[in-house]
Structures are given as C-alpha cells and as structure tokens.
Amino acid sequence: MSIPVFRWRSPHERFLFLLSPLLVIFAWVWVSRLGLFPDQILVPPQHVWEAALGLWESGELQMHLQQSLYRLVIGFSVGALLGVAFGILIGLSNTVENACSPLFHAIRQVPTVAFIPMLILVFGVEETFKIIIVAKAAFFPVALATHDAVRGIPKAYFEVARAYRLPTWLLVWRIILPSTVPPVLTGLRISLGRSWMVLVAAELLAADSGIGQMMEMGRQMFRIDIVMVGVFVTGLIGFSLDRLFRSLEGRLVKWKHQS
Amino acid sequence: MKRILNLAGNRVFQGAVLPILLLVLWELASRQGVAYAYAFVPLGQIWQGLLELLQTGELVTNLTATLRTMLVGLLIGGTLGLAVGGMMGIFRIVDLLIGPLYHTIRQVPLLGLIPLIGLWFGNGDFSKVLIVSMAAFYPMVLNTYEGVRNVEKRYIEVATVLRFSRWQLFRRVLFPGALPSIWTGLMHALAFAWISTVGSELLFAAGPGLGGMMQNAQSISRMDIVVIGVASIGVTGLLLNAGFSRLRRYSLRWRETG
C-alpha cells in the first residue's frame, strides 16, 4: 500500500489542507461550550490540555512513555533481527524454506492479538509476555519482506559470488544485505506500526505501567481527559515512528539511485 | 528404498516434518510434570476440550457471534470507505477537505481507541462493530482513492469525446478501472477487520465471541480452550481469506491475465 503524499500547490490549497482539522477542533470547542453533553462525556479541549500538562509535570506521562518505548525497542529489535536472519535463511535455502513455510504461514495468518491470552497463561503478565508479543508482531512482516527481497536478487550476483569463491558470510554481508535494504526497510516500517498497536493493546489488557495502562486506568476512573491524552500520544508516537522510517527509506533509495 | 527417497523429496512431507516434530515435543513436555502440563496442555486434553465445546455448542455460538461482528463491520466500513474514497478520488475539493483529516485520524492505533469508545458507547456490540468498521474503512478509502486516481487518462478522454454523462463515466469507466485496486483494498480491509474483531473481543470481553471465550478461559487457566480459540481464529481467518480471494478472481475474470 502506498500512501499518497500531499503536495500543496498554492496558499489557497494550503489553507484547505488545514481547514478540516481546524473545523473539527472548532466544532469540539463549540459543542462542549453549548453543554449538550456533560463534561464527563465530551471533555472540552482545554481540559484535555490541562490533563496533559498535569501528567507531564507530575512526571507520570514520561514514566509511562519510557516504559512503553522500552518494551517497543527491545521487542521490536529482537523480532526484527530474528526476522531478517530467518528471512535470509529461507530466502537462500530451498530445503529450509520447504520445511518451515507451512508452519510459518499458518502462524502468520493468526492475528497477533489472539496470542495474548496464551502468552499470559505461559509467561504471566510481566514484561516477558509483552516483549514476546511485540517481537512476534515484528518478526513476521520483516521475515516475509526479507525473504521476498532475497528471492528478488538477480541470479547473476550469486554467479559472480560463486566465481570469486566468496565465503557465505561475505556473500551475506557484501551482497545480500546491501541489495535487500530498501524492501526490508519497508517491512521494518510496517512491522513497527503493528508492534506499536499490539503493544498498546497488550498494555490495555495487562500491565502496571505504560501508555496503554494509563488509558485503562483513565477509563476505570472515568477520566476521559486522561484517555484522550493517551489517544493523542499513541497517535503521535505512531506517526513519528512512521515518518522516521519513511525518511530513512527516502535517504537509502536516493543512495541506491546514485550508485 | 527408492519410495522413501521420493517421499523425502516431497514438499508436503518436508513441510509436515517440523509441525509434527513440534507436536511431539509439546506432548513430551506436557508429561514432564504438573508445572509443564499447565503450559503445554496434553494433546488429548485439547481434543477433550474441543469435544466439550462442540457438545455444549459454545464454540459454534461464539464463532457465529465473532463472524457476525466481523461481517457487519466489514459491510459498514467497506461501503463507507468505498463512498468516501471514491468521492476523494473524483472530486479534488473533497480530497482537499477530507484527506488531511483522514490521514490525521488514521495515525492512532485502532485498538488504542478502545478505552475511549468503551467510555462513550459502552462495551457492547455497538462498540465492537464501530472498531471493526473503522478497521475496514481505512484501507478501503486509501485503495479506492488510488484506484480512481490511477484510471488511465485516455479512457476518461474517450468518455468525454463520447459525451458520457457523469453517471455513465462512473459506471462504465471509473468504477471498472478502479476495481482491481478496490479489491486490494477489500482484501486488506478483511484482514484488518479480522484482527480488530479479535482484538476488540479480547478488550471488551463482554458478550459472546471467540475473544471473550479465550479471555474467560485464560482467567480460569484453561489453556486447552485458549489453544482451541487460537486455532479456530487461525482457521476461520484462512477460510475467509480463501473465500474472498475466489470472489476477487471471479469478479476480475474479465481482466486480461498474462
């Protein structure tokens, strides 16, 4: 799925670009002023802002964010590294691919969130379960992208490598890794988004800290302002991570075209 | 001897080795003691659990409820996505007005919206269907939009020369031209709807549904039921995907393949 990039052409269109989000915020302020709904249901924007400031000043928000990002980084790194390694392995060896692919595709088909109750039973509700679920979410898209990328490398490269009697580790390091970078990066970006969603879901279900747990506590205490702060923060994190990887992809594709 | 060698070269056989090995290891692990049998439920117990769930009709009730949530959500979200994506693709003004809002809201992980939706609409069927509809809506908008925008300009020019009415242009040129991309969107929508159905059932554990069934089983430490739940979700997802793929092939059969 490619995402259309907005290129505004005139100040007129730039105004239109900001119009709809601004209109929604305006409508929000206006409806909450009218008092159609009680404040507990439709929180005025300024209350959400105050709640965010309060959470920030007490250090709660930073603490939850730190916890969530820590889990995301550890789980994602483990899952992505294993995914790249496994992808290269099944990309290079037909035997390994034939042996692993039915099981691989069967597990890949099951939505990651469905494994949450199982993992809770085995590992309890502590950190291990969250890191494993994030790693699982990251592993499959990365492995699939790496596999496709390795299979897409022109045969000639391998023939040259064989002619030069390149040892396998050099083949992986000098040929396979560089030529698979752009598609693997796309796989990494997609799985980072999924990992983030799965982590938030896991924290909503069972956690004693993290941005998901902050929202769940807010829900139990009927604090819609806190829940909305959580929604904005998760959206912002997801958006920033996506942008970060997109700019990385852009740079590396440029490098590819230059050489 | 030769037959055995042939068998070893068979892809089906090669693919079956690893799962069978894992099952054997699982069964062996379950016999190592009580603590192990808790995590690795003996296969016999899973089979017993399955029979029990089938006899009480629990599995069928929950599966039907899950499928209903998913299909209703897919229908609502898919239809709305088709309409909004089509409008965005045809009218530039709609694109400029709705596009930015759509891309902003899409950033929030869907399951992260669950506490908010739970507070606003409770944790009943409505909230579940709402989440699933949103999951189906996003990819549908994106792919319909792209499909309509990428219809070959030549076709539209021909339609203009032939003085097609707006409706004819849509019915004869834009819709068929965008159909392959719309189907891609629908396949994505199906996958996301299925994930979010399971997710929303786990998080709003009220009412019937496979997610709720697994959540209850987890709270009473019935690993066998949890495993059956995971397997049912996997198999149902696979069948849905296969069914929709066939429909897609049938609906796009007029396309030249090659």
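Residues numbered from 1 in each chain as written. Chains lettered and ligands numbered in written order. Predicted model: local features only at pLDDT ≥ 70, side-chain atom pairs only at ≥ 80, totals over all residues.

**Overview of the overall build of chain B**
Along the backbone of chain B there are 12 helices and zero strands. The helix and strand sequence of chain B, counted from the amino end, reads α-α-α-α-α-α-α-α-α-α-α-α. On C-alpha atoms alone, chain B measures out to a radius of gyration of 24 Å, which is more than a quarter above the 18 Å that the 2.2 N^0.38 rule sets for 258 residues. With the principal axes as the frame, chain B shows a C-alpha extent of 80 × 65 × 30 Å. Across the 258 residues that make up chain B, the buried fraction comes to 38%. Long-range pairs, those at least 24 residues apart, make up 74% of the contacts in chain B between residues at least 6 apart in sequence. (Helix = DSSP H or I, 4+ residues; strand = E, 2+ residues; numbered from the N terminus. Rg over C-alpha atoms; globule rule 2.2 N^0.38 Å. Buried ≥ 20, exposed ≤ 12 C-beta atoms within 10 Å, placed from the backbone. Contact = placed C-beta atoms within 7 Å.)

**Brief notes about the overall build of chain A**
Of the regular secondary structure elements, chain A holds 10 helices and zero strands. Shown N-terminal to C-terminal, the secondary structure of chain A runs as helices and strands in the order α-α-α-α-α-α-α-α-α-α. Scaling as 2.2 N^0.38, a compact globule of 259 residues should have a C-alpha radius of gyration of about 18 Å, whereas chain A reaches 23 Å, well beyond that. The C-alpha extent of chain A, read off along each of the three principal axes, is 75 × 55 × 30 Å. Within chain A, buried positions represent 38% of all 259 residues. Expressed as a percentage of contacts within chain A between residues at least 6 apart in sequence, the contacts between residues at least 24 apart total 75%.

**Brief notes about the interface of chain B and chain A**
Interfaces are frequently sized by the accessible area removed from exposure as the parts join. Of the residues lining the interface, 50 residues belong to chain B; the matching set on chain A comes to 49 residues. Of all the secondary-structure elements, those providing two or more residues to the side of chain B that touches chain A are α2 (11-30), α6 (92-105), α7 (114-121), α8 (125-149), α10 (166-203), α11 (210-219) and α12 (223-251) of chain B. The leading source of residues in the side of chain B that touches chain A is α12(B), at eight residues. Broken down by class, the residue content of the side of chain B that touches chain A amounts to 34 nonpolar, 14 polar and two charged. (Nonpolar A, V, L, I, M, F, W, Y, C, P; charged D, E, K, R; others polar.)

**As for helix α2 (residues 45-57) of chain A**
Between its first and last C-alpha atoms α2(A) spans 18 Å; for 13 residues at 1.5 Å apiece the expected length is 18 Å, and the two agree. At the exit of α2(A) stands A:G59, carrying a positive phi of roughly 80°. (Expected span 1.5 Å × (residues − 1).)

**Details of the nonpolar core**
Soluble globular proteins tend to bury their nonpolar side chains together. Of all hydrophobic cores here, the largest spans 116 residues; its most connected members are A:V134, A:A201 and B:A193. Apart from the residues lying within four places of it in its own chain, the contact partners of A:V134 are A:R71, A:L72, A:G75, A:F76, A:G79, A:S195, A:V198 and A:L199. (Core = buried A, V, L, I, M, F, W, Y, C linked by C-beta atoms within 7 Å.)

**Some points on the environment of B:I195**
Looking at the secondary structure, you find B:I195 in helix α10. Classification of B:I195 by C-beta neighbours within 10 Å gives buried; the count is 26. A C-alpha to C-alpha distance of 9.8 Å links B:I195 and B:L111, two positions 84 residues apart in sequence. If near-sequence neighbours (up to four positions away) are discounted, B:I195 is found in contact with A:P111 and A:V113.

**Looking at the packing of helix α3 (residues 60-92) of chain A against helix α8 (residues 168-205) of chain A**
Residues and elements named next belong to chain A. Running from N to C, α3 and α8 point in directions that differ by 140°, and their axes come no closer than 8 Å. The orientation of α3 relative to α8 falls into the category oblique. Handedness of the α3/α8 crossing: right-handed. Counted together, S68, R71, L72, G75, F76, A80, V84 and I88 of α3 and V172, I176, V184, L188, S191, L192, S195, W196, L199 and E203 of α8 form the full contact between these two elements. (Axes fitted to C-alpha atoms, helices over the stretch in contact; angles between N-to-C directions. Parallel < 35°, antiparallel > 145°, perpendicular 65-115°, else oblique. Left-handed = near helix turned anticlockwise from the far one by under 90°.)

**A short note on unusual backbone geometry**
For A:R165, which is not a glycine, the phi torsion comes out positive at approximately 50°. Relative to the assigned elements, A:R165 resides in the loop between α7 (155-163) and α8. Overall, A:R165 belongs to the exposed group, with 7 C-beta atoms counted inside 10 Å. Its identity is not glycine, yet B:S221 carries a phi of approximately 55°, on the positive side. In this structure, B:S221 sits in the loop between α11 and α12.

**Considerations on the confidence of the model for chain A**
On average, residues of chain A score 85 in pLDDT, and 92% of them are at 70 or above. This stretch, residues 1-8 of chain A, has a pLDDT under 50; its non-local contacts, to residues over four places away or in other chains, come to nine contacts. (pLDDT = per-residue confidence, 0-100.)

**Some thoughts on the environment of B:A217**
Within the secondary structure, B:A217 is located in helix α11. Excluding residues that lie within four positions of it along the chain, B:A217 makes contacts with A:P117, B:R222, B:I225, B:V226 and B:G229.

**With respect to the packing of helix α5 (residues 116-123) of chain A against α12(B)**
Axis separation between α5(A) and α12(B) bottoms out at 9 Å; the angle between their running directions is 150°. Between α5(A) and α12(B), the angle is such that the two are roughly antiparallel. With respect to the hand of their crossing, α5(A) and α12(B) are arranged in left-handed fashion. Residue-level contacts link A:P117, A:M118 and A:L121 of α5(A) to B:M223, B:V226, B:V227 and B:V230 of α12(B). Of the residues contributing to the contact of α5(A) with α12(B), the split by class is seven nonpolar, no polar and no charged.

**What about α5(A)?**
Residue and element names in this part refer to chain A. For α5, a buried count of six out of eight residues is recorded, marking the element as mostly surrounded by other parts of the structure. Considered for burial, the residues of α5 that qualify are I116, P117, M118, L119, I120 and L121. Looking one or two places after α5, you find G124, whose phi comes out positive at around 75°.

**Points about the environment of B:L51**
Residue and element names in this part refer to chain B. Positionally, L51 belongs in helix α4 (residues 43-56). When the 10 C-beta atoms within 10 Å are taken as the criterion, L51 is described as exposed. Sequence spacing of L51 and T66 is 15 residues, and the spatial spacing of their C-alpha atoms is 20 Å.

**Side note on the confidence of the model for chain B**
In the predicted model, chain B carries a mean pLDDT of 87, and 95% of its residues have values of at least 70. Reported for the predicted complex are a pTM of 0.85 and an ipTM of 0.83.

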